Amino acid sequence: RFRLLDSDKGKYLSENDLVITHERILHFIAYDKSLTEFQHVHPTFDGEYWNVTLNFAASGDYKLWAQGKVSKGPEFSTPISLNVQIDKEAWPAPQL
């Protein structure tokens, strides 16, 4: 679960503050640095927090993004990093 903060207004965003973009009000994307694992889900709002369920298949470093559009405002994309530790080793990163 997470919150979205409108830093200009100093308030948390609810579903009433967002408009539909790309057929949904909010998109949440997670992927690992090997680009093997990718998840695209749509959070639900419980009145205080946005909630998502993700199922990670391997340990490793993941990038998470919430993407949406503020009503009468810009589209936004909020990245964050997450390290996942479970019983499966991380996917090997591609050779560059």
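Description of the structure in this document. The shown structure was predicted, so the numbers you read here are calculated from the model rather than taken from an experiment.

## Thoughts on the pattern of salt bridges
- Scanning all chains against the criterion turns up three salt bridges.
- For E48, the salt bridge goes to R3, with nearest N and O atoms at 2.5 Å. Taken together, the positions of E48 in the loop between β6 (44–45) and β7 (50–51) and R3 in the segment before β1 (5–6) put the pair 45 residues apart, joining distant regions of the chain.
- Here R3 falls in the partly exposed class, since its relative accessible area comes to 32%.

## Examining the nonpolar core
- Ranked by size, the top nonpolar core spans 17 residues in total, and within it F2, L4, L18, L26 and W50 carry the most contacts.
- Of all the secondary structure elements, the ones that give two or more residues to this core are β4 (26–32), β8 (60–70) and β9 (75–84).
- Among the elements that make up this core, the one with the highest residue count is β8 (four residues).
- When near neighbours in sequence (up to four residues on either side) are disregarded, L4 contacts K11, Y12, L13, L18, L26, W50, A66, F76 and T78.

## Re the pairing of β4
- In terms of burial, β4 is a largely internal element, five of the seven residues being buried.
- Alignment of β4 against β8, held across seven bridges, turns out to be antiparallel. Within β8, the position partnered with Y31 by the bridge is K63.

## Digging into the packing of aromatic side chains
- The tally for this structure, following the rule as stated, stands at three aromatic pairs.
- Measuring from centroid to centroid gives 5.2 Å for F2 and F28, while their planes differ by 25°, and the two rings are stacked. Placement of the pair is F2 in the segment before β1 and F28 in strand β4, with a sequence separation of 26 residues.
- Note on F45 and W50: the rings are 4.8 Å apart at their centroids and 50° apart in plane angle, and the pair reads as tilted.
- Over the aromatic face of Y49 sits the side chain of R1, whose NZ or CZ is 3.9 Å from the ring centroid.
- The ring of Y49 is capped by R3, whose NZ or CZ atom sits 4.7 Å from the centre of that ring.

## Some remarks on the pairing of β9
- Two elements, β8 and β9, share ten bridges in a ladder whose sense is antiparallel. Its bridge partner being in β9, L64 is matched across the sheet by I80.

## Some remarks on the environment of H42
- Assignment of secondary structure puts H42 in the loop between β5 (38–41) and β6.
- On the basis of relative accessibility, which here comes to 29%, the residue H42 falls in the partly exposed class.
- Sequence-wise, H42 and I29 are 13 residues apart; in three dimensions their C-alpha atoms are separated by 8.7 Å.
- A polar atom in the side chain of H42 sits 3.2 Å from the side chain of H27.

Calculation rules
Residues numbered from 1 in each chain as written. Predicted model: local features only at pLDDT ≥ 70, side-chain atom pairs only at ≥ 80, totals over all residues. Heavy atoms only, no water. Salt bridge = Lys/Arg side-chain N within 4 Å of Asp/Glu carboxyl O. Helix = DSSP H or I, 4+ residues; strand = E, 2+ residues; numbered from the N terminus. Buried < 20%, exposed > 50% of the residue type's maximum accessible area, 1.4 Å probe, protein only. Core = buried A, V, L, I, M, F, W, Y, C linked by side-chain atoms within 4.5 Å. Contact = heavy atoms within 4.5 Å. Pairing = 2+ DSSP bridges. Phe/Tyr/Trp six-rings, centres within 6.5 Å; stacked < 30°, edge-to-face > 60°. Lys NZ or Arg CZ within 6 Å of the ring centre and 35° of its normal. Polar contact = N/O pair within 3.5 Å; in protein donor to acceptor, adjacent residues only side chain to side chain.

Take it as geometry only, folks, not as evidence of what the structure does.
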